[in-house]
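Listed below, chain by chain, are the residues.
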Protein chains: 2
Amino acid sequence: MAEGSSDTSLALGVLGGMGPAATLDFLTKLQSFTPAKTDQDHIRVLVDINPKVPDRNLAGSGAGPVLAEMAGALAGAGADVLAIACNTAHAHADLIQRASGLPLIDMIETASSAARDRGARRVGVLGTKVALRLYREYLAAQAMGLVTLEPRRQDEFMATIYKIKAGDTGPGVRREMADYAADLVAGGADALIAGCTEAPLAMGPKDVRVAFIDPGELLARRCVAVCLGLEPAPAALGA
Amino acid sequence: MAEGSSDTSLALGVLGGMGPAATLDFLTKLQSFTPAKTDQDHIRVLVDINPKVPDRNLAGSGAGPVLAEMAGALAGAGADVLAIACNTAHAHADLIQRASGLPLIDMIETASSAARDRGARRVGVLGTKVALRLYREYLAAQAMGLVTLEPRRQDEFMATIYKIKAGDTGPGVRREMADYAADLVAGGADALIAGCTEAPLAMGPKDVRVAFIDPGELLARRCVAVCLGLEPAPAALGA
């Protein structure tokens, strides 16, 4: 429950900083989706913008324990439910939930369910290799296939993501992102998930000829609904 | 020190949510002032966006203990130094520092020093009554006078601030803010401090005929400098 108030809204804990700009984008979406006329109408959000989390794309980098410690600290500071503003870091979702004892509003599950709701059968995902593995699993569980970039293009996509992390969201980068999406559509995708939180900073529905799914936007909408009690919170692991 | 890293940058704890949009504005400024090419170049920022803090303008509202508890939790989560993204809440600065044991990068002091550095003698401040009391004290300590709105205009100013909190930063609100600033200049102010974090959301240097000081912007620049070790951290209370 939120500190210093008799209201019943839940406090959201956000594991962020991967990268920092994507976390601000997520926080901005959270606020814009909250029906609020006064400060007090907003939900309480505890955020750890930790850009020092070891690289989520390297096995054995130690990202998991750092994320678990961050999650435990957010629980201690008053969070009731967690969100992770990074697709790739969901590889450590179980550890994060067990370390904190809090339920997680899962971004990969949220985006995958949105693809299903739009009738998708083969979903193109732009994401890191770790995120693609997670999406393959979640999409398969709902009888959808995954369409990915060919290896050389995947490497180029990652180079573009690092440009966005360095602050470049100009026309050149936007064109590159639209081209990766076009590759996936040419490969048979009937929906596109911008499955890296940096991706929606440089692309949108207008850049894609199929349904465009921004996992961060959908996650933000779900977080607001859960924290305001309009949607049930997910069950905690082991609960 | 930042978690999961051998670097020596300090982690910043931010007491926020008063209001939520102003906190995002502060976080955006923090990021934009950080010289960063990769995620890891950014500083770690732990933020409590708590819009449920009792009204900072009401004596005995209980805001102090809530802010102190938030500060303690940020210390527990890994913050090395604190900032408060709200001018008015600085009324509880001592309590916040004693409860957390952490030094505070003080926004009121930062803005007052900036006015002195620009050669101001009489400083107009747009802020809540509590914030005006703080500015009067800090400005006097540096031999500067305070220019405030007459009581009726002060009430109108607060009504405009609540419009901004409700999301209105349109032309009407901008004109009102510029008019309050003009009142202060007519009253003899040779510099203007936008001393409420909502104020800079609806005004800027172009709206004022004297030096315009945005405390949140200056605070963000100082926080980045302190966390990157380019400027010494303030001493902790009692240290």
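The rules behind the values
- Residues numbered from 1 in each chain as written.
- Chains lettered and ligands numbered in written order.
- Predicted model: local features only at pLDDT ≥ 70, side-chain atom pairs only at ≥ 80, totals over all residues.
- Heavy atoms only, no water.
- Buried < 20%, exposed > 50% of the residue type's maximum accessible area, 1.4 Å probe, protein only.
- Helix = DSSP H or I, 4+ residues; strand = E, 2+ residues; numbered from the N terminus.
- Pairing = 2+ DSSP bridges.
- Least-squares fit on C-alpha atoms with pLDDT ≥ 70 in both.
- Contact = heavy atoms within 4.5 Å.
- Buried area = accessible area lost by both parts, 1.4 Å probe.
- Salt bridge = Lys/Arg side-chain N within 4 Å of Asp/Glu carboxyl O.
- Polar contact = N/O pair within 3.5 Å; in protein donor to acceptor, adjacent residues only side chain to side chain.
- Nonpolar A, V, L, I, M, F, W, Y, C, P; charged D, E, K, R; others polar.

**Describing the pairing of strand β6 (residues 191-194) of chain A**
Within a regular beta strand, the side chains point alternately toward one face of the sheet and then the other, so they alternate between its two faces.
Residues and elements named next belong to chain A.
Then, number 1: Burial of β6 is two-sided: the residues A191 and I193 facing one way and the residues L192 and A194 facing the other way are all buried.
Then, number 2: Pairing of strand β4 (residues 122-126) with β6 involves four bridges; the strand directions are parallel. Residue pairing in the sheet places V123 in a bridge with A191 of β6.
Then, number 3: Taken together, the three bridges between β6 and strand β7 (residues 211-213) define a ladder with parallel strand orientation.

**Some words on the relation of the copies chain A and chain B**
Put simply, the second copy of the chain is the first one after a rotation about an axis and a shift along it.
Then, number 1: Mapping chain A onto chain B leaves a residual RMSD of 0.0 Å; the transformation is a rotation of 180° accompanied by 0.0 Å of translation along its axis. In short, the pair behaves as if placed about a two-fold rotation axis. Of every C-alpha in chain A, the one belonging to V47 of chain A sits nearest the axis of rotation, 2.5 Å from it.
Then, number 2: Here 100% of the interface residues in chain A have copies in chain B that are interface residues too; the copies meet face to matching face.

**Observations concerning the interface of chain A and chain B**
Then, number 1: Between chain A and chain B, the residue contacts involve 41 residues of the former and 41 residues of the latter.
Then, number 2: Of the roughly 3300 Å² buried between chain A and chain B, counting both surfaces, carbon and sulfur atoms make up 50%.
Then, number 3: For the pair chain A and chain B, the interface holds four salt bridges.
Then, number 4: Notably, a salt bridge pairs K165 of chain B with D39 of chain A, separated by 2.7 Å at the nearest N-O pair.
Then, number 5: Here chain A and chain B share 15 residue pairs in polar contact (both at pLDDT 80 or more) between them.
Then, number 6: Elements that contribute at least two residues to the side of chain A that touches chain B include exactly α1 (20-32), β2 (45-49) and α2 (63-77) of chain A.
Then, number 7: Counted by class, the side of chain A that touches chain B contains 20 nonpolar, 10 polar and 11 charged residues.

Without other data, these values stay purely geometric and don't point to any function.
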